Amino acid sequence: MTLTESHRKQLGTNDASRSFDSVIGGYRWALIVSHAVVLVHFWRNDILTVLTKDVEPLCWPYFQNCGRIRFDTTASITVLMLIQAFLIIVATFTLATRCYRAFWVTMVGLNLYLFAIISLDYRLRGNQFYMLLWLNAVFLFWPSKRWGIPLILMSFYFWAGTLKLNYEWLSGAVLYRSLYILPTRFAWVACGYVVILEMILIWGLLSKRAWVRWLALGQLALFHAESVSQIHWFYPLLMAALLFWFVIDWTAPVSPRTVTLANLWRGRAPRSAYVLLAIFASFQLVPYFYHGNKALTGQGRVFALDMLEARQVCDAHALVHYTDRTSDDVDLLLRGLPPRKICDPIIYYDRVTNLCRFHAADPEFVDADFVMHAKFTTDGSMTTIVDQANFCSQHETYKLFSNNSWMR
């Protein structure tokens, strides 16, 4: 099969022989597996049932009319997953037959399709999807993949570690359940070690010494195995597929090893590697430019990692006013949501917005006030996040790129 020079660059290689690089080639299979894990997650856990018409829509700030795209039955949801499965099968076939151009096009389509599905409801937000899409973008579009892929994987952990630099995490209070290995009274030790692992030991993956690299990867494997005690199997399994890059790379006959921490530190890595680090870092810094506690207000977090960093307690209410009867106090809190979403103000902004739309045609409806309080489990008192009177008549919008005046 003949490849053009531009296509070889897309594959991360510069000549015909290197286009079949065993590391890049092997990792293509790992990416297909990662998308298959997503499909199994959707199927086994009925995640996409939130897209049916009998479920209240909760929209992303960039797609506030997501409620217009809803499905009558779960059969339509099955069709969505069948399309996803079809794209995965096509990607597998094109890779098996070495049709690399078709594989690249199919993978671009598969990632766009996944992004489109996730965009249909805010409850589908997941840090797993954020990292998967970032890594796929690097693999499909970024030059110097031998540098880009390990650096983006390590960046995930490093910036997740920065989110955990708070008392809620370091005290161990953040954990939902007991750990498998350590007793509860030593949970703070495990939480502290995770920060050290993600911010410091993670760089051992770029060591020149094989035993240091394997030790660092082994620590990540232990961390993800233990994380099953707190979260669903989906995240550890997905990360196992993504981290398989290092296994493929380290077992390939490559000499001398150039992707090292020493070369990165001394400026010997390709310029694109430093650009990638800077771009990803800039996305993680976005929430710091908004007012309020970023972990409580959630402003700017759409652009950044959404890692477990603190447990929250909250309440959310709408006081609905009528012309000729007593005002109703509507409890907005969705107690069935996962811990990382249950106190997200975007959820309750959506719910109040839905309430305003529902009552718009009611002649007795006057307006609704939106009130929300939140705190960390280790805090003594609640913090007011929203206290906005006449929310409906104000026609408040959720701003992505600037502070929301109705949020404190």
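Residues numbered from 1 in each chain as written. Predicted model: local features only at pLDDT ≥ 70, side-chain atom pairs only at ≥ 80, totals over all residues. Heavy atoms only, no water.

*Asks:* How would you summarise the nonpolar core if you had to cite specific residues and measurements?
*Replies:* Counting 131 residues, the largest nonpolar core has Y27 and Y348 as its most contacted members. A total of eleven residues in this core trace back to one element, the largest contributor, which is helix α6 (residues 145-163). (Core = buried A, V, L, I, M, F, W, Y, C linked by side-chain atoms within 4.5 Å. Buried < 20%, exposed > 50% of the residue type's maximum accessible area, 1.4 Å probe, protein only. Helix = DSSP H or I, 4+ residues; strand = E, 2+ residues; numbered from the N terminus.)

*Asks:* Got a sec to walk through the side chain of E168? Specific residues and values, please.
*Replies:* Mapping E168 onto the fold places it in helix α7 (residues 167-170). The side chain of E168 sits in the buried core without any salt bridge; R311 is the nearest counter-charge, 5.7 Å away. E168 has contacts with A173, V174, E309, A310, R311, F376, T377 and T378, leaving out every residue within four places of it along the chain. (Lys, Arg positive; Asp, Glu negative; His and termini not counted. Salt bridge = Lys/Arg side-chain N within 4 Å of Asp/Glu carboxyl O. Contact = heavy atoms within 4.5 Å.)

*Asks:* I'd like a description of the state of the cysteines, backed by residues and values.
*Replies:* Counted by the stated rule, this structure contains three disulfides. Here C356 engages in a disulfide with C392; their sulfurs sit 1.9 Å apart. Handedness of the C356-C392 disulfide follows from its S-S torsion of about -80°: it is left-handed. Residue C356 is located in helix α14 (residues 345-359), and its partner C392 is located in helix α15 (residues 391-394); the two are separated by 36 residues in the primary sequence. For the residue pair C356 and C392, the accessibility class agrees, reading buried in each case. Disulfide partners in the chain, listed by the sequence order of the bonded cysteines, are 1-2, 3-4, 5-6. Left without a disulfide partner, C191 is nearest to the cysteine sulfur of C343, which lies 19 Å away. (Disulfide = S-S within 2.5 Å.)

*Asks:* Describe the packing of aromatic side chains, naming the residues involved and giving the relevant values.
*Replies:* Under the counting rule described, the total for this entry stands at 25 aromatic pairs. Measuring from ring centre to ring centre gives 6.0 Å for Y62 and F115, while their planes differ by 10°; the resulting arrangement is stacked. With a gap of 53 residues between them, Y62 in the loop between α2 (22-44) and α3 (74-96) and F115 in helix α4 (residues 100-118) connect regions that are remote in the sequence. On the basis of relative accessibility, which here comes to 36%, the residue Y62 falls in the partly exposed class. Between W134 and F283, the aromatic rings sit 5.4 Å apart at their centres with planes inclined by 90°, giving edge-to-face as the arrangement. Pair noted here: W134 is in helix α5 (residues 127-141) and F283 is in helix α12 (residues 271-285), with a separation of 149 residues, a long-range link. Given a relative accessible area of 31%, F283 falls into the partly exposed group. Members of the aromatic cluster, joined through ring pairs, are Y130, W134, F156, F280 and F283. (Phe/Tyr/Trp six-rings, centres within 6.5 Å; stacked < 30°, edge-to-face > 60°.)

*Asks:* With reference to specific residues and values, describe the sheet that holds strand β2 (residues 328-331).
*Replies:* Strand order in the open sheet made by the four strands is β2-β1-β3-β4, with antiparallel pairing throughout. The open sheet terminates on both sides in strands that have one partner only, identified here as β2 and β4 (383-388). Here the average twist between neighbouring strands, direction ignored, is 15°. Strand direction decides the pairing type here: strand β3 (residues 365-376) and β4, joined by five bridges, are antiparallel. From the neighbouring strand, F370 faces β4, where its bridge partner is Q388. Against the sheet, α14 makes contact with β1 (312-322), β2, β3 and β4, and its axis sits at roughly 170° relative to β3, the strand it touches most. (Pairing = 2+ DSSP bridges. Axes fitted to C-alpha atoms, helices over the stretch in contact; angles between N-to-C directions.)

*Asks:* How would you explain a positive patch on the surface if you had to name every residue and give the values?
*Replies:* A cluster of like positive charges, contributed by K208, R209, R266 and R268, occupies part of the molecular surface. For R209, the location among the structural elements is in the loop between α8 (187-199) and α9 (210-227). A residue is classified by how much of its surface remains accessible, and R209, at 55% relative accessible area, is exposed. (Patch = residues over 30% accessible without salt bridge, like charges linked within 9 Å, V, L, I, M, F, W, Y side chains within 5 Å. Areas by Shrake-Rupley, 256 points an atom, 1.4 Å probe, with all protein chains shown as cover. Charge placed at Lys NZ, Arg CZ, Asp CG, Glu CD.)

*Asks:* Now, about the pairing of β3: what can you tell me, with residues and values included?
*Replies:* For β3, a buried count of nine out of twelve residues is recorded, marking the element as mostly surrounded by other parts of the structure. Inspection of the sheet shows β1 paired to β3 by eleven bridges, in the antiparallel sense. Considered in β3, the bridge of V313 is made with K375. The loop that links β3 with its antiparallel partner β4 comprises six residues.

*Asks:* Give me the lowdown on the pairing of β2, citing residues and values where you can.
*Replies:* Pairing between β1 and β2: four bridges, direction antiparallel. Bridge assignment links H317 to a residue of β2, and that residue is D331. Connecting the antiparallel pair β1 and β2 is a turn made up of five residues.

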